[in-house]
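Chain by chain, the residues:
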Amino acid sequence: MKFLFLLPLVLGPPVAFAQPSGRVAVRLEVLPIALRVTVTSAEMDFARQRADAGRVRLDPATGDISSKVSGAHRLGEIRLTGPPHGAFAVDVSSVPQLLGTSVPVGFRLLWAKSARCGPGGYETLPGVRTARGILGETGCASLRFGGTVDLAGAPEGSYEGSLHVSIVPL
């Protein structure tokens, strides 16, 4: 009978012993440098114009405006930074109507890109809404937005609109 008495002790719960060491798996995935988008000028401004000015051009490659009465004119500008020679695509999905108090003013988008972020070197992209580009050797590129407005017969007042610009790395 002693044998029957010892049997439950042998089949009882196991005793846990503390481990003196252990292992933890460590993993890491390094992604490429991200394309960063900075809006350096969020407003395109044709300044103050006269109704009889006709067609006014805000040149995105040079920053010049064909005419104005007063006020500061301004290009819209987006700066891209990332790995040198990184590729990207740009899509301007909407061309705004410049709406005012009564009727819209005719607007045509003109934009330009440069593979660097300094002055000059802009390539005008007339008539397109999608383009590809490459960051320059310093990992920087710039996009400028301008256009033309047709003021023939435009009533006086203030006019506004907006562009939707999407940029993706390739």
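Computed from a predicted structure; not experimentally measured.

Asker: Go over the side chain of Thr-148, please, and point to the residues and values.
Answerer: Within the secondary structure, Thr-148 sits in strand β8 (residues 140–150). Accessibility expressed as a relative area gives 6% for Thr-148, which makes it buried. Sequence-distant contacts of Thr-148, that is, excluding residues within four places in its chain, are made with Phe-46, Arg-55, Val-56, Arg-57, Gly-106, Phe-107, Arg-108 and Leu-110.

Asker: I'd like to hear about the layout of surface pockets, residue by residue, with values.
Answerer: If you add up the space inside the largest pocket, you get close to 990 Å³. Along the wall of the largest pocket there are 36 residues; nearest its centre are Met-44, Asp-45, Phe-46, Tyr-159 and Glu-160. The biggest single contributor to the lining of the largest pocket is strand β3 (residues 76–81), with 3 residues. In terms of residue class, the lining of the largest pocket is made up of 20 nonpolar, 9 polar and 7 charged.

Asker: Quick one: what's the story with the nonpolar core, residue by residue and with numbers?
Answerer: Ranked by size, the top nonpolar core spans 25 residues in total, and within it Phe-88, Trp-111, Leu-143 and Val-149 carry the most contacts. Of all elements in the fold, only β2 (55–58), β3, β4 (87–94), β5 (106–114) and β8 reach the threshold of two or more residues within this core. Considering every element that reaches this core, the biggest residue donor is β8, with 4 residues.

Thresholds applied
Residues numbered from 1 in each chain as written. Predicted model: local features only at pLDDT ≥ 70, side-chain atom pairs only at ≥ 80, totals over all residues. Heavy atoms only, no water. Helix = DSSP H or I, 4+ residues; strand = E, 2+ residues; numbered from the N terminus. Buried < 20%, exposed > 50% of the residue type's maximum accessible area, 1.4 Å probe, protein only. Contact = heavy atoms within 4.5 Å. 1 Å grid on protein atoms, 1.4 Å probe; cavity = no way out; pocket = protein on both sides within 12 Å on 5 of 7 lines; lining within 4 Å. Points joined across faces, edges and corners; volume = space filled by probe spheres on them. Nonpolar A, V, L, I, M, F, W, Y, C, P; charged D, E, K, R; others polar. Core = buried A, V, L, I, M, F, W, Y, C linked by side-chain atoms within 4.5 Å.

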